[in-house]
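# Structural characterization, general
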Amino acid sequence: MVHQHGDEHDIPDEHRVHRHGAWLPADHRLHHEWLKKQIDHVDQAGPKELIPVLQDFKTLIEGNSRIYMYFNQMWEEIPLKKPYNKDPTGTKRQIRDYRHMLAVLNHIFTQAPQWTDAAFGVGMVGVPMVGVFDYVMATPSGHAAFLDPEVNKMMKKILNEWGKFLKSPKSAEVLASHKQGWFSEHAVKDLMEVANAPLKTSHRFEDMYICNPAAKYYGYTSWDDFFTRQLRENARPVASPDDESVIANACESKVYNVARNAKLRDRFWIKSQPYSVLDMLGHDPLAAQFDGATVYQAFLSALSYHRWHSPVSGRIVRAFVRDGTYFSEPLFEGPAGGYADGERSMAHADEIDVKGISVAQGYLTALATRAVIFIQADNSAIGLMAFVGVGMDEVSTCEITVSQGQAVKKGEQLGMFHFGGSSHCLLFRSGVPVDKFPTMGRQENVPVRSQVAVVGGGKS
């Protein structure tokens, strides 16, 4: 198994948290320590004027009674017990109320995500806002707030503003070679361990990705330019390019689930998180053809490649982005109604599941901001299929780079996640004989453009 640097050290059970994709450290103490550093900086620096978009957020909270109630109560609903009330060093609850939250966000938005070197406890990987909202997302008021349409509209505005910074030259400063830089010794080692593991290669960074190692920041002009970096063509060959029965993997990703006979509509918010096809496909009229679908889902690592590629050769029938939630997680992840670790039990009525949003991958397919692409495959045994790119948290900017009516070859680019990535699904209609998916539980990613499935008993 490839670890983020330092995650291989001895982590006590009470502090170890399994997080799909490693968007937050496996050692929960490092999350606390990172947040403590941000808060200490804010508290020591004193009050500062909020950037305009966060001032708009403050106005929304204070000008709407419902939202004002949510953002006051969510901090009060964090249990006053271990591990939520203190960090390992004994610091009291770190963010105290929504005003303090805004001050911390105001500081975070002045910097791009730094490399997380868990051995030294520096920084976070990619998603600092998740670090701020990690506990409150799982409270009753947090659940209500992050489902609220007005709150999500504001979250989109905030994330778009931060996205402008992450595309700016200043954001590239974190691409340096110091300990908190993405080209530090440990960062490059971990990035390439993740990249080389699937095919057991020994590529250097410049062998795998299009870049200029002689240039400053390897030629990347911003944090987003680095995060959406392109692969060299020979680094990930297309699986059986002339055999249309072989399905290519759309994203560099780790297997999460394979489901058969997914219902057109289902209760996606319950513990088992059944796929609700109509919701996944954004209520598009074509969704009706996918009742009883086979669904393959896999999630992207924070350290991996974040562009999407066509699983088949064919024609783009429809492609759109459906706006959704940004920080919503299901109630079975939190204390509302007595849920803990996915189980309803009044014995745990005041506990939060520290696994958080990362284990809500199925739930997110129905609610989170997502890109939906319908492809009419050249192979008649496949026919119409669908790709869904699912954003998570601040990683919810989905860019589609193909258009309706466009012909695509298997392995060609469809789009990308900006500022990271979350999860993706492939949907095949009922009756399509698709099989030979990767084994669930494998530790390494399935390489993008490699074989992910076979239709009709074709080549394996």
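The following refers to the structure shown. (Residues numbered from 1 in each chain as written. Predicted model: local features only at pLDDT ≥ 70, side-chain atom pairs only at ≥ 80, totals over all residues. Heavy atoms only, no water.)

## Describing the overall build of the protein
Definition in use: By definition, any uninterrupted DSSP run of H or I lasting at least four residues is a helix, any uninterrupted run of E lasting at least two residues is a strand, and each is numbered from the N terminus. To sort residues, take the accessible area from a 1.4 Å probe on protein chains only and compare it with the maximum for the residue type: under 20% means buried, over 50% means exposed, and anything in between is partly exposed. Every residue pair with non-hydrogen atoms within 4.5 Å of one another is taken to be in contact. Using a 1.4 Å probe, the Shrake-Rupley method yields the accessible areas, and only the shown protein chains count as cover for residues.
Each helix and strand counted, the protein has 12 helices and 15 strands in total. A burial count over the protein gives 59% of its 460 residues as buried. Taking all contacts inside the protein whose residues are at least 6 apart in sequence as the whole, residues at least 24 apart take part in 74%. Roughly 18,000 Å² of accessible area belongs to the protein as shown, and the carbon and sulfur atoms make up 51% of that amount.

## Points about the sheet that holds strand S4 (residues 307-309)
Rules: Any two strands with at least two DSSP-identified bridges between them are counted as paired. An axis is simply a line fitted to the C-alpha atoms; with a helix, the fit covers only the stretch in contact. Between two such axes, the angle follows the N-to-C directions and lies from 0 to 180 degrees.
Judged by pairing direction, the sheet is antiparallel, and its three strands sit side by side in the order S4-S12-S10 without closing on themselves. The sheet is open, and its two edges are formed by S4 and strand S10 (397-400), each paired on a single side. Within the sheet, the average angular offset between the axes of one strand and its neighbour, ignoring direction, is 20 degrees. Looking at chain direction, S4 and strand S12 (residues 413-418) are connected through three bridges and run antiparallel. Residue His 309 lies in a different strand from S12, and its bridge partner there is Gln 413.

## Some details on the sheet that holds strand S2 (residues 254-262)
Ordered in space as S2-S3-S13-S9-S8-S5-S11, the seven strands form an open sheet in which the pairing is antiparallel. At either margin of the open sheet sits one strand with a lone partner, and together these are S2 and strand S11 (407-408). Two elements, S2 and strand S3 (residues 293-299), share six bridges in a ladder whose sense is antiparallel. Its bridge partner being in S3, Val 255 is matched across the sheet by Ala 298.

## A closer look at the pairing of S12
Burial runs high along S12: five of the six residues are buried. Here four bridges tie S10 to S12, and the two strands are oriented antiparallel to one another. Across the sheet, the residue bridging to Thr 397 is His 418, located in S12.

## Focus on the nonpolar core
This is how the line gets drawn: Buried Ala, Val, Leu, Ile, Met, Phe, Trp, Tyr and Cys residues form a nonpolar core when they are joined through side-chain atoms within 4.5 Å.
Grouped together as the largest cluster of nonpolar side chains are 70 residues, with contacts concentrated most on Phe 71, Met 101 and Phe 133. Here this core gets eight residues from one element, more than from any other, and that element is helix H7 (residues 149-166). Leaving out residues up to four positions away in the same chain, Met 101 has contacts with Phe 57, Ile 61, Phe 71, Trp 75, Ile 95, Val 132 and Phe 133.

## Considerations on H7
Stated formally: Helix span, expected: 1.5 Å multiplied by one less than the number of residues in the helix. Any pair of N or O atoms that falls within 3.5 Å is considered a polar contact. Within protein, one atom must be able to donate a hydrogen and the other to accept it, and sequence-neighbouring residues count only if both atoms are side-chain atoms.
Over its 18 residues, H7 extends 25 Å from the first C-alpha to the last, a length consistent with the 26 Å expected when each residue adds 1.5 Å. Along H7, the residues classified as buried are Val 151, Asn 152, Met 154, Met 155, Ile 158, Leu 159, Trp 162, Gly 163, Phe 165 and Leu 166. Structurally, the start of H7 carries an N-cap: the backbone nitrogen of Glu 150 is 2.9 Å from a side-chain oxygen of Asp 148.

## Considering the environment of Asp 43
You can see Asp 43 is positioned in helix H1 (residues 28-45). Given a relative accessible area of 37%, Asp 43 falls into the partly exposed group. Along the primary structure Asp 43 and Val 104 are separated by 61 residues, whereas in three dimensions their C-alpha atoms are 9.0 Å apart. Ignoring anything within four residues of it in the chain, the contact list for Asp 43 reads Arg 96 and His 100. Separated by 3.0 Å, the side chains of Asp 43 and His 100 make a polar contact.

## A word on the environment of Arg 315
The topology assignment puts Arg 315 in strand S5 (residues 314-322). In the structure, Arg 315 is positioned 92 residues away from Ala 407 in sequence and 4.4 Å away in space, judged by C-alpha atoms. Residues in contact with Arg 315, not counting those within four places in the same chain, are Phe 374, Ile 375, Gln 376, Gly 405, Gln 406 and Ala 407.

## Description of unusual backbone geometry
As a rule of thumb, non-glycine residues mostly have phi less than zero, and peptide bonds are mostly trans rather than cis. Even without a glycine there, the phi angle at Tyr 218 is positive, about 55 degrees. By the element assignment, Tyr 218 lies in the loop between helix H9 (205-208) and helix H10 (223-227). We note that Lys 436 has phi near 65 degrees; this positive angle belongs to a residue other than glycine. As for its placement among the helices and strands, Lys 436 is situated in the loop between strand S14 (434-435) and strand S15 (451-455).

## Quick notes on helix H2 (residues 52-63)
What counts is decided by this rule: The arc in question is the one traced by the directions running from the helix axis out to the C-beta atoms.
Taking 1.5 Å of rise per residue, the 12 residues of H2 would be expected to cover 16 Å, and the 16 Å separating its terminal C-alpha atoms lies within 8% of that figure. Among all positions of H2, only Val 53, Leu 54, Phe 57, Leu 60 and Ile 61 are buried. Down the axis of H2, the buried set is contained in an arc of 110 degrees. They therefore lie on one face. Exposed residues lying more than 90 degrees from the buried face of H2 are Pro 52 and Gly 63. Where H2 is buried, its residues meet helix H3 (65-76), helix H4 (98-108) and H7.

## Remarks on the environment of Met 385
Inspection of the secondary structure puts Met 385 in strand S9 (residues 384-390). In sequence terms Met 385 and Phe 374 are 11 residues apart; their C-alpha atoms lie 5.9 Å from each other. When sequence neighbours within four positions are dropped, the list of residues in contact with Met 385 reads Phe 290, Pro 311, Val 312, Ile 373, Phe 374, Ile 375, Leu 426, Leu 427 and Phe 428.

## Focus on the packing of aromatic side chains
Defined as follows: Here a Phe, Tyr or Trp ring, Trp counted by its six-membered ring, pairs with any other such ring whose centre lies within 6.5 Å, and the pair is stacked when the planes are under 30 degrees apart, edge-to-face when over 60, and tilted otherwise. Note on geometry: a ring has a charge over it if NZ (lysine) or CZ (arginine) is within 6 Å of the ring centre and within 35 degrees of the ring normal.
Summed over the entire model, instances satisfying the criterion amount to 30 aromatic pairs. Considering the side-chain rings of Phe 109 and Trp 162, the 5.4 Å spacing of their centres and the 10 degrees angle between planes classify their relative orientation as stacked. Here Trp 162 lies in helix H7 and Phe 109 lies in the loop between H4 and helix H5 (128-133), a separation of 53 residues in the sequence. Like Trp 162, Phe 109 is buried. What links up through ring pairs into an aromatic cluster is the set Trp 115, Trp 182, Phe 183, Phe 205, Tyr 209, Tyr 218, Tyr 220, Trp 223, Phe 226 and Phe 227. Taking the ring centre of Tyr 209 as reference, the NZ or CZ of Arg 229 above it sits at 4.7 Å. If you follow Arg 229 out to its NZ or CZ, it ends over the ring of Phe 226, 4.5 Å from the centre.

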